Amino acid sequence: MSTLLEIRNLKKYYSVSGGMLHAVDDVTLSVEKGETLGIVGESGCGKSTLGKTILRLTPPTDGEILYNGQDITKLSDAEFKKLRPDLQMIFQDPMSSLNPRMSVKEQIEEPMLIYKTIPDRQEREKKVLELMDTVGLARRYADTYPHELDGGRRQRIGIARGLALEPKLIICDEPVSALDVLIQAQILNLLQDLQKEKGLTYLFITHDLSVVKHISHNICVMYLGQVVEKCDTPTLFAHTMHPYTKALLSAIPVPSLKNRRERILLKGELTSPVNPGNRCRFAPRCIYAKEKCFNCTPELQDMGGGHMVACHFCKEIGDDGNGTTDAT
Amino acid sequence: MNEPILRIEDLVVHYETRTGVAEAVNNVSLEILPGETLGLVGETGAGKTTIALTIMGLLPQPGGHVIQGKITLDGEEITRYMTNNRRQSNKNDKYFRKIRGNKVGMIFQDPMSALNPVYTVGEQIAEVIRLHNKVSRAEANKKAVDMMELVGIPGERFKNYPHEFSGGMKQRIVIAMALACSPRLLIADEPTTALDVTIQAQVLELMRGLRKEFNTAMLMITHDLGVVADICDKCAVIYAGQIVEYGTLEHVFNNPKHPYTLALFAALPSLDTEVERLQAIEGLMSDPMDLPEYCSFYDRCNHRCDACKNCDPALTEVEPGHFVRCLRISSEEEEK
């Protein structure tokens, strides 16, 4: 297995009145070829900004993004354009990411026209229909418009568009959060099938821990622009270390009357990402916070087997973590 | 015997549109006892919100009609104020203005659009109190501050505008407003869907506490089975405008019977168990403009048989208090 994407000390700051907003702050991560890396966090934690920065939809403030060993932040626009077909994105809301005045066929064809991958019109049309088969859209929808379709089918168009240029890496930004459970299951299965078939690599951004657990091989938990916990999926759920991950996990309402988790209620809400200063960003809401947490930013440290945690006291707190208590 | 706060019997609601009639709610019956919370679960377009709007007398006009059925709220039949008689319409509006916010409180999904951006939050809470009670402005303001403290917002923020609060705080204000006149029934339409999980946990905790304090009955509308397991006493699963399964939480979560309920549980990615692949059922919910004569779940059902195509199953009691609308299950019952 080889590393497809590597991000080193990526920073994205926005200048706002009152200082610098640290949207993504010193994020380091890597994605192996053919794997899914899940990025989880609440709104405002910088997960979407991270996705956009990787695709150069917004320039990073500092740091390196290595795609196949090549730093894409240093490429010129023309050079990057050659790479763009490899890196595609699927957005959350298919209604606002599709053009309402283009038919399904035209939407899927558009990337191929822009990149002139298939110059012959008939060949291209054949490819469009093949793509529709791949994502499970009936061919009879080729001439319909997005508003005539439901959310699940619209998301399938978004996926077909993402696949049109035969990418290597797809950044999925909350692709199922706008969908109902049954449709969500259909789309998740489709994404998994495509990965197996085409050896795709996903960066899966979501706020939903149960979705991310289902689809990812590795997980990064983000809080206010920083990665607070990073490891493979089974370890994260078996040995949750960071107090924020624990709270996040315990806050999910479980659709079952058995295995109720003991709930850790967090105080307050996200603090401001503007000038966060040198301290643990989670400290104001953390039940374990001590003085040190307010004076010094914890570094990610390896707790064994590549389980990276950014917390001064996670060893003391221990990994009794997932807090499952049998209530029955 | 406890008299139910809300009783809905055989409710049918249609929307008339230019292209046809949408059968949004079909023969829905349910009951909520004082202090009890009923969860109404279903997909987008299943008719959940239409039921809530009907109870509040807020069906979109023109177009929304109550075709048949009876809604009794706190012993009074409110469906008689829902006639489409023009001469009655002033009287009807007056009646619903009296009960909204007073007998029935409502919490909406999106707190930003439920609050008026040009009034301070304190004024908006006080407005509800002054509208329904004969109190002076000062008294109402004082009560509003108390309500804010109750939902965990410092009283000093009385003079802040909605945009100065975060999403979770705004939802707390909407809850304070809904509870300001101690309503008998609280209708919560996806109250936590727009919030982050940790904030959702806080708001659910708050609602749980307040429910106990005020002994308010609650109708909780949601698409999230986790939220239902968390806060409800009873649960109704709704599909294409019909209740397909109805019972206590133990009935629905530990012993689900209807194929649709089973499909919902199977499609959820779980935190506790490992599954390679989710069990997704194909297809979409039947179009409410074009509902079949037979079981509306037939086309997507894993357990269908030929007999299903010949009749529209009725809600059958499979064990005391547990109702299921499925031919397979009702025929099993008969055999017993």
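This is a predicted model, so every value here is computed, not measured.

Novice: Hey, could you run me through the overall build of chain A in this one?
Specialist: Scanning chain A from terminus to terminus reveals eleven helices and twelve strands. Scaling as 2.2 N^0.38, a compact globule of 328 residues should have a C-alpha radius of gyration of about 20 Å, and chain A matches this with 21 Å. Expressed as lengths along the three principal axes of its C-alpha atoms, the size of chain A is roughly 65 × 55 × 40 Å. The buried share among the 328 residues of chain A stands at 53%.

Novice: Would you mind showing me how to read the pairing of strand E1 (residues 3-16) of chain A here?
Specialist: Every regular strand shows the same layout, with side chains that alternate between the two sheet faces. All names here are of chain A. Relative to strand E2 (residues 19-32), E1 runs antiparallel, the two being bridged by ten bridges. In the sheet register, Val-16 faces E2, and the bridge partner there is Gly-19. The hairpin turn running from E1 into E2, its antiparallel successor, is two residues long, and Gly-18 in that turn takes a positive phi close to 100°. Bridging between E1 and strand E4 (residues 62-67) involves five bridges; their strand directions are antiparallel. Directly across from Glu-6, in E4, lies its bridge partner Leu-66.

Novice: When you look at the packing of helix H4 (residues 104-115) of chain A against helix H5 (residues 121-134) of chain A in this model, what are you seeing that I'm missing?
Specialist: For any two helices packed against each other, one specifies the inter-axial angle together with the distance between the axes. Residue and element names in this part refer to chain A. Two elements in contact, H4 and H5, have axes whose closest approach is 10 Å; the angle formed by their N-to-C orientations is 120°. Crossing of H4 over H5 shows right-handed handedness. Between H4 and H5, the residues in contact are Val-104, Lys-105, Ile-108, Glu-109, Met-112 and Leu-113 and Arg-124, Lys-127, Val-128, Leu-131 and Met-132, respectively.

Novice: Looking at this structure, how should I read helix H6 (residues 151-163) of chain A?
Specialist: Since there are 3.6 residues in each turn of an α-helix, residues three or four apart along the chain are aligned in direction. Residues and elements named next belong to chain A. Compared with the 18 Å implied by 1.5 Å per residue over 13 residues, the 18 Å span of H6 between its first and last C-alpha is a close match. Judged by how many residues are buried, H6 sits mostly within the fold: ten of 13 residues are covered. By the burial criterion, the buried members of H6 are Gly-152, Arg-154, Gln-155, Arg-156, Ile-157, Gly-158, Ile-159, Ala-160, Gly-162 and Leu-163. At its buried positions, H6 is contacted by strand E6 (87-90), helix H3 (94-97), H4, H5, strand E7 (169-173) and helix H7 (181-198). Sitting at the head of H6, Asp-150 places a side-chain oxygen 3.0 Å from the backbone nitrogen of Gly-152.

Novice: Please clarify how the nonpolar core should be interpreted in this entry.
Specialist: Proteins that are soluble and globular tend to have nonpolar side chains buried together. Of all hydrophobic cores here, the largest spans 140 residues; its most connected members are Ile-125, Leu-185 and Ile-187 of chain B. Among the elements that line this core, the one with the most residues is H7 of chain A, at nine residues. Beyond its immediate stretch of four places on either side in the chain, Leu-185 of chain B contacts Ile-5, Leu-6, Ile-32, Ile-55, Leu-73, Lys-103, Val-104, Gly-105, Thr-216, Ala-217, Met-218 and Leu-219 of chain B. Core analysis: the next-biggest nonpolar cluster, separate from the first, contains 32 residues, Leu-248, Leu-266, Cys-314 and Ile-317 of chain A among them.

Novice: What is the right way to look at the environment of Gln-88 of chain A in this model?
Specialist: Residues and elements named next belong to chain A. Examined against the element boundaries, Gln-88 turns out to sit in strand E6. Taking relative accessible area as the criterion, Gln-88 reaches 13% and is therefore assigned buried. Along the sequence, Gln-88 and Arg-161 sit 73 residues apart, while their C-alpha atoms lie 8.9 Å from each other. Apart from residues lying up to four places away in sequence, Gln-88 is in contact with Leu-55, Arg-161, Gly-162, Leu-165, Pro-167, Leu-169, Ile-170 and Ile-171.

Novice: Any chance you could explain the packing of aromatic side chains here in plain terms?
Specialist: Geometrically, a pair of aromatic rings is defined through the distance of the ring centres and the angle of the planes. Within this structure, the stated rule accounts for eleven aromatic pairs over all chains. Judged by centre distance (5.6 Å) and plane angle (80°), the ring pair of Tyr-95 of chain B and Phe-96 of chain B falls under edge-to-face. Both residues of the pair, Tyr-95 of chain B and Phe-96 of chain B, count as buried. By the ring-pair criterion, three or more aromatic residues cluster together here, those being Tyr-223, Tyr-244 and Phe-282 of chain A. Sitting over the face of the ring of Tyr-115 of chain A, Lys-81 of chain A holds its NZ or CZ atom 5.4 Å from the ring centroid. Above the plane of the ring of Phe-313 of chain A lies Lys-290 of chain A, whose end atom (NZ or CZ) is 4.3 Å from the centre.

Novice: Looking at this structure, I do not really get the sheet that holds E4 of chain A. What am I missing?
Specialist: The strands that make up a sheet pair up through hydrogen bonds in the backbone, lying either parallel or antiparallel. Residues and elements named next belong to chain A. With antiparallel pairing, four strands are arranged side by side in an open sheet as E2-E1-E4-E5. Pairing within the sheet leaves two strands with one partner each, and these edge strands are E2 and strand E5 (70-71). Seen against the sheet, helix H1 (residues 47-54) touches E1, E2 and E4 and runs at an angle of roughly 115° to E1.

Novice: Looking at this structure, how should I read the interface of chain B and chain A?
Specialist: Often, the extent of an interface is quoted as the loss of accessible area upon association of its parts. Taken together, the contacts link 45 residues of chain B with 42 residues of chain A. In total, about 3800 Å² of surface goes out of reach between chain B and chain A, with carbon and sulfur atoms giving 57% of it. Our count for the contact surface shared by chain B and chain A stands at two salt bridges. Where Arg-263 of chain A meets Asp-230 of chain B, a salt bridge forms, and the shortest distance between an N and an O atom there is 3.2 Å. The interface formed by chain B and chain A contains ten residue pairs in polar contact (both at pLDDT 80 or more). The set of elements that each furnish at least two residues to the side of chain B that touches chain A consists of helix H6 (167-179), helix H7 (197-214), helix H8 (225-231), helix H9 (249-254) and helix H10 (259-267) of chain B. In terms of residues, the side of chain B that touches chain A owes the most to one element, H7 of chain B, which gives eight residues.

Novice: What am I meant to see in the sheet that holds strand E3 (residues 37-41) of chain B here?
Specialist: All names here are of chain B. Taken in spatial order, the eight strands of this open sheet run E6-E7-E8-E3-E9-E10-E12-E11, and their pairing is mixed. The open sheet has two free edges, formed respectively by strand E6 (104-107) and strand E11 (316-319), since each of these has just one partner strand. On average, adjacent strands in this sheet sit at an angle of 20° to one another, irrespective of strand direction. Sheet strands in contact with helix H1 (residues 48-56) are E3, E6, strand E7 (185-189), strand E8 (217-222) and strand E9 (234-239), and its direction is about 145° off that of E7. Where H10 meets the sheet, its contacts fall on E9 and strand E10 (242-248), and the angle it forms with E9 comes to roughly 100°.

Novice: How should I be thinking about the side chain of Gln-184 of chain A in this particular structure?
Specialist: The topology assignment puts Gln-184 of chain A in helix H7. Residue classification places Gln-184 of chain A among the buried positions, given a relative accessible area of 9%. The contacts of Gln-184 of chain A, once residues within four sequence positions are left out, are Val-176, Leu-179 and Val-211 of chain A together with Pro-269 of chain B.

Novice: Just checking my understanding: could you explain the pattern of salt bridges for this structure?
Specialist: Two side chains that carry opposite charge are able to pair once their charged atoms sit near each other. The tally for this structure, following the rule as stated, stands at 26 salt bridges over all chains. For Glu-43 of chain B, the salt bridge goes to Arg-300 of chain B, with nearest N and O atoms at 3.7 Å. Of this pair, Glu-43 of chain B sits in the loop between E3 and H1 while Arg-300 of chain B sits in the loop between H10 and E11; the two residues are 257 residues apart in sequence, bridging distant segments of the chain. We note that Glu-43 of chain B, like Arg-300 of chain B, is buried. The network of salt bridges with common partners includes Arg-263 of chain A together with Glu-205, Arg-208 and Asp-230 of chain B.

Novice: What is the right way to look at the confidence of the model for chain B in this model?
Specialist: When pLDDT is low, close inspection of the predicted coordinates is not appropriate. In the predicted model, chain B carries a mean pLDDT of 89, and 98% of its residues have values of at least 70. Across the assembled chains, the prediction reports ipTM 0.84 with pTM 0.88.

Novice: I'm lost on the layout of surface pockets in this one. Help?
Specialist: Summary: where empty space remains is shown by rolling a probe the size of a single water molecule over the atoms. Residues and elements named next belong to chain B. There is about 610 Å³ of room inside the second largest pocket. Gly-101, Ala-114, Glu-127, Val-128 and Met-177 are the residues nearest the centre of the second largest pocket, which is lined by 21 residues in total. Secondary-structure elements contributing two or more residues to the lining of the second largest pocket are E6, helix H4 (121-132) and H6. Among the elements that make up the lining of the second largest pocket, the one with the highest residue count is H4 (five residues). For the lining of the second largest pocket, the residue count by class is 13 nonpolar, five polar and three charged.

What counts and what doesn't
Residues numbered from 1 in each chain as written. Chains lettered and ligands numbered in written order. Predicted model: local features only at pLDDT ≥ 70, side-chain atom pairs only at ≥ 80, totals over all residues. Heavy atoms only, no water. Helix = DSSP H or I, 4+ residues; strand = E, 2+ residues; numbered from the N terminus. Rg over C-alpha atoms; globule rule 2.2 N^0.38 Å. Buried < 20%, exposed > 50% of the residue type's maximum accessible area, 1.4 Å probe, protein only. Pairing = 2+ DSSP bridges. Axes fitted to C-alpha atoms, helices over the stretch in contact; angles between N-to-C directions. Left-handed = near helix turned anticlockwise from the far one by under 90°. Contact = heavy atoms within 4.5 Å. Expected span 1.5 Å × (residues − 1). Polar contact = N/O pair within 3.5 Å; in protein donor to acceptor, adjacent residues only side chain to side chain. Core = buried A, V, L, I, M, F, W, Y, C linked by side-chain atoms within 4.5 Å. Phe/Tyr/Trp six-rings, centres within 6.5 Å; stacked < 30°, edge-to-face > 60°. Lys NZ or Arg CZ within 6 Å of the ring centre and 35° of its normal. Buried area = accessible area lost by both parts, 1.4 Å probe. Salt bridge = Lys/Arg side-chain N within 4 Å of Asp/Glu carboxyl O. pLDDT = per-residue confidence, 0-100. 1 Å grid on protein atoms, 1.4 Å probe; cavity = no way out; pocket = protein on both sides within 12 Å on 5 of 7 lines; lining within 4 Å. Points joined across faces, edges and corners; volume = space filled by probe spheres on them. Nonpolar A, V, L, I, M, F, W, Y, C, P; charged D, E, K, R; others polar.

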